[in-house]
Amino acid sequence: MSKYFSRKPGELKAYVPGEQPRNVQQLIKLNTNESPLPPAPEVIDAVAAAAQKANLYCDPTMFKLREDLASIYGYTPDHFTLGNGSDELLSFAFLAFCNKEIGVAYADITYGFYSVLSRLYATDTKIIPLDAQYCINPYDYSALGRTIFIANPNAPTGIALTRAQIEGVLQANPDNVVVIDQAYVDFGAECAIPLVKKYDNLLVINTFSKSRSFAGGRVGFAVAQPELIANLETIRNSINPYNVNSLSQAAAHAILQHNDYYMQNCSVIAQNRAYLTKQLDALGFTTLPSMTNFVFTRHPAISGEQLYLQLKQRAILVRYFDSPRLRDFCRITIGTREQVDALLDAIRSIL
Ligand SMILES: *Cc1c(COP(=O)(O)O)cnc(C)c1O
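Residues numbered from 1 in each chain as written. Predicted model: local features only at pLDDT ≥ 70, side-chain atom pairs only at ≥ 80, totals over all residues. Heavy atoms only, no water.

Even after reading the chapter, I still don't get the sheet that holds strand 4 (residues 125-128), so can you show me in this structure?
Remark on secondary structure: sheet strands pair via backbone hydrogen bonds, oriented parallel or antiparallel. The 7 strands lie next to each other as 2-8-7-6-5-3-4, forming an open sheet whose pairing is mixed. Because the sheet does not close on itself, it has two edges, and the strands there are strand 2 (80-83) and strand 4. Looking at each pair of strands side by side, their axes are set apart by 20 degrees on average, direction ignored. Bridge count between strand 3 (residues 104-107) and strand 4: 4 bridges; the pairing is parallel. Bridge pairing in strand 4 links Ala105 to Lys126. Docked against the sheet, helix 5 (residues 163-172) engages strand 5 (147-151), strand 6 (178-181) and strand 7 (202-207), running at close to 155 degrees with respect to strand 6. Along the sheet, helix 6 (residues 226-239) makes contact with strand 2, strand 7 and strand 8 (220-223), crossing strand 2 at roughly 35 degrees. (Pairing = 2+ DSSP bridges. Helix = DSSP H or I, 4+ residues; strand = E, 2+ residues; numbered from the N terminus. Axes fitted to C-alpha atoms, helices over the stretch in contact; angles between N-to-C directions. Contact = heavy atoms within 4.5 Å.)

I'm lost on the site of the ligand in this one. Help?
Contacts to the ligand come from Gly85, Ser86, Asp87, Tyr111, Asp181, Ala183, Tyr184, Thr207, Ser209, Lys210 and Arg218. Contact between the ligand and Ser86: an oxygen atom at 2.6 Å from a main-chain N or O atom of the residue. Of the residues assigned to the shell around the ligand, the class counts are 3 nonpolar, 4 polar and 4 charged. (Near = heavy atom within 4 Å. Polar contact = N/O pair within 3.5 Å; in protein donor to acceptor, adjacent residues only side chain to side chain. Nonpolar A, V, L, I, M, F, W, Y, C, P; charged D, E, K, R; others polar.)

Help me understand the sheet that holds strand 12 (residues 329-333) in this model?
Taking strand neighbours across the sheet as the criterion, the 3 strands line up as 9-10-12 in an open arrangement whose pairing is antiparallel. Both edges of this open sheet fall to strand 9 (286-287) and strand 12, since each of them pairs with a single strand only. For strand 10 (residues 294-298) and strand 12, the ladder comprises 5 bridges, and the chain directions are antiparallel. Note on strand 12: the bridge partner recorded for Thr297 is Cys330.

Sorry if this is basic, but what is going on with the side chain of Thr81 here?
Within the secondary structure layout, Thr81 lies in strand 2. A polar contact of 3.5 Å, which involves the side chain of Thr81, links it to the side chain of Arg236. Excluding its chain neighbours within four sequence positions, the residues that come into contact with Thr81 are Met62, Arg66, Leu89, Gly220, Phe221, Ala222, Ile229, Leu232, Glu233 and Arg236.

Where do I start with the packing of helix 1 (residues 41-51) against helix 7 (residues 246-257) in this structure?
A pair of packed helices can be characterised by two numbers: the angle between their axes and the separation between those axes. It is the contact of helix 1 with helix 7, at a shortest axis distance of 8 Å, that shows an interaxial angle of 150 degrees. Taken as axis vectors, helix 1 and helix 7 run roughly antiparallel relative to one another. At the point where helix 1 passes helix 7, the crossing takes the right-handed sense. Residues Glu42, Val43, Ala46, Val47, Ala50 and Ala51 of helix 1 form the contact with helix 7, whose participating residues are Ser246, Leu247, Ala250, Ala251, Ala254 and Ile255. By residue class, the composition of the contact of helix 1 with helix 7 is 10 nonpolar, 1 polar and 1 charged. (Parallel < 35°, antiparallel > 145°, perpendicular 65-115°, else oblique. Left-handed = near helix turned anticlockwise from the far one by under 90°.)

Could you clarify how one ought to interpret the environment of Pro129 in this entry?
If you trace the backbone, Pro129 turns up in the loop between strand 4 and strand 5. In the structure, Pro129 is positioned 74 residues away from Leu203 in sequence and 22 Å away in space, judged by C-alpha atoms. Filtering out sequence-adjacent residues up to four positions away, Pro129 remains in contact with Asp108, Asp140 and Arg325.

I keep staring at the pairing of strand 12 and nothing clicks. Help me out?
It is a general feature of regular strands that their side chains alternate between the two faces of the sheet. Here strand 12 lies mainly inside the structure; 5 of its 5 residues are buried. Across the two faces of strand 12 the burial is the same, with Phe329, Arg331 and Thr333 and Cys330 and Ile332 all buried. (Buried < 20%, exposed > 50% of the residue type's maximum accessible area, 1.4 Å probe, protein only.)

Teacher, can you tell me more about the environment of Arg327 here?
Relative to the assigned elements, Arg327 resides in the loop between strand 11 (316-317) and strand 12. Assessed through its relative accessible area of 40%, Arg327 is described here as partly exposed. The spacing of Arg327 and Asp281 is 46 residues in sequence and 19 Å in space, taken between C-alpha atoms. Not counting the four nearest positions on each side in its chain, Arg327 is found in contact with Ser303, Gly304, Glu305, Phe321 and Asp322.

How do you make sense of the packing of aromatic side chains when you look at a structure like this?
For any two aromatic rings, the description comes down to two numbers: the centre-to-centre distance and the angle of the planes. Throughout the structure, instances matching the rule amount to 18 aromatic pairs. Considering the side-chain rings of Phe296 and Phe329, the 4.4 Å spacing of their centres and the 0 degrees angle between planes classify their relative orientation as stacked. Residue Phe296 is located in strand 10, and its partner Phe329 is located in strand 12; the two are separated by 33 residues in the primary sequence. One exposure class covers both Phe296 and Phe329, and it is buried. In textbook terms, an aromatic cluster arises when at least three aromatic residues are bridged by ring pairs, as seen for Tyr15, Phe94, Tyr106, Tyr111, Phe113, Tyr114, Tyr121 and Phe149. Note that Arg212 overlies the ring of Phe208, its terminal NZ or CZ placed 5.9 Å from the centroid. The ring of Tyr275 carries the charged tip of Arg337 above its face, separated from the ring centre by 3.5 Å. (Phe/Tyr/Trp six-rings, centres within 6.5 Å; stacked < 30°, edge-to-face > 60°. Lys NZ or Arg CZ within 6 Å of the ring centre and 35° of its normal.)

What follows is the structure, encoded as structure tokens:
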């Protein structure tokens, strides 16, 4: 650390992304919940066309995308804004809806970025443990007097709350913002966006990184009533009004026009998830009920770290978490059927 750094030692704890190795061709990469399926060809064409005009700034209002989203979800464009990935929108949400007085609450086991942001922005934090089944208990989220962040489905468990349970949390916290981070919603969970019309304290954050095969393009979108969106816009325009670049805006527009392709891909992933879960069951694994494009699974004979290391030796990357409640588990992204079969062969040889 240089003597010029404005932060104290230990004050921040930066997010550690899953490994992104350079030799991906030789690897089966099942560690960061990307889609194994490519973008639609029209998306690639749209990026190439947009590159021709990359000398010009992008549209800082992202109007075309907000119109696309408006027609898909049945709200006016002022219900939407977009981010450079949903991570950026989570950061904007912290800046807009948390401060010294307004604290934050989230689960002990959830998306790692919430704790990174709460430290970065020095937010008073209440951690709410998952229950013994690794579920969020919505009754633990009553009248908290804080901004609430819930990943739904949750990560890395894969378990989802129903829309009715989310509605219960919204009703139990009428004076606080409830952020529903639904990065994995397209793989089978109930979407919270229809609740936006009824609840002025709901902010739904979505990403194109998982179900839309666009993790590298960095696009996320937020949905809420116009007053909340205006607050996020104030933050966004105070940091980076050109946050979603023109190539990504063009790609996102093409992605929204080819929804059928992506929803078809999601159903392939859901089928592969069911197949993998069944095969893991037969091998003695216990797998949490996933509504996502990954499974969180454990085996009595091998720790998460050992399974991770042994699979890595066989050129398959998965992820494990070195914390007390998670140590037994591996998180495995759902790949193509061929990747799933290669993974299963490797696991059989390890066991
Ligand atoms: C992957 C993920 C994100 C971040 O997605 P980006 O849009 O790529 O920044 C946010 N929340 C959860 C729960 C995720 O798993």
